[in-house]
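# Analysis of the macromolecular model
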Amino acid sequence: MRGGPYRSPPVSEAVVLCAGASRRMGDPKGLRRVDGVPLLRRHVDILRDAGLAVTVVLGARAQEHLAVLPPGTRVVLNLAWATTDMADSAAMGLEGLGPALLTPVDVPPARRETLDVLLAAAGPAVPTHGGQDGHPEIGRAHV
C-alpha cells in the first residue's frame with residue numbers, strides 16, 4: 001500500500017552475500033579473520049544467534065567459503081559470479097524468501113543490539129549513521 005501505513009511480517013531469514021572475487025583486496029573477504037574467526041562465519045553465527053535462518057550466496061572460491069560454514073547453512077551458488085553483480089546475487093539469495101535481512105560479507109557484522117532493533121522494525125528499515133544509509137537492510141528484492 002504505497003504512501004500509507006506499512007507493516008511487514010516478522011523477519012526470520014537473512015542473506016549474506018559472498019560471491020565476489022575480492023580482486024582489489026587480493027584474498028577472499030569472507031575468509032579474512034576477525035579475532036581468529038573468518039568474517040563469513042562471524043556473520044552467520046551472529047545472525048543465527050539472533051534467531052534467523054541464514055542463506056549464504058557464494059561464487060568465487062566457493063569451496064573455501066563452504067569449509068568455514070556451520071552445518072545446516074543454506075547455500076546458493078552464483079555460478080555466473082564473474083559476469084554478474086551484487087544485485088544478481090541478492091536476487092538469487094532472496095528468491096523464495098519473505099522479508100529478509102540482507103548484508104554483504106565485506107561490512108562488519110551487526111551487533112546483536114542492532115539486529116534486535118532492525119528485527120523489531122515495523123517495515124523496511126535501513127540504519128543510518130551521520131546521515132548516511134548503512135547495512136544491513138531489511139526488505140524484499142525488487143527484480
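Read on for an overview of the structure. (Residues numbered from 1 in each chain as written. Predicted model: local features only at pLDDT ≥ 70, side-chain atom pairs only at ≥ 80, totals over all residues. Heavy atoms only, no water.)

Once that is clear, we can look at the environment of Val 107. Turning to its location among the elements, Val 107 is positioned in the loop between strand 6 (100–104) and helix 4 (112–120). Taking the C-alpha atoms as reference, Val 107 lies 10.0 Å from Gly 30; in sequence the two are 77 residues apart. (Helix = DSSP H or I, 4+ residues; strand = E, 2+ residues; numbered from the N terminus.)

Now for helix 3 (residues 86–94). Along helix 3, the positions that sit buried rather than exposed are Ser 89, Ala 90, Gly 93 and Leu 94. Each buried residue of helix 3 sits inside an arc of 125 degrees when the element is viewed along its axis, so together they form one side. A positive phi of about 85 degrees marks Gly 96, the residue just after helix 3. (Buried < 20%, exposed > 50% of the residue type's maximum accessible area, 1.4 Å probe, protein only. Arc of directions from axis to C-beta.)

Another aspect to go through is unusual backbone geometry. A positive phi angle, near 50 degrees, is found at Asp 35, a position not held by glycine. As for its placement among the helices and strands, Asp 35 is situated in the loop between strand 2 (33–34) and strand 3 (37–38). A relative accessible area of 71% means that Asp 35 is categorised as exposed. One non-glycine residue, Arg 61, lies in positive phi territory at about 55 degrees. Topologically, Arg 61 is positioned in the loop between strand 4 (53–58) and helix 2 (62–66). Owing to a relative accessible area of 41%, Arg 61 belongs among the partly exposed residues under this scheme.

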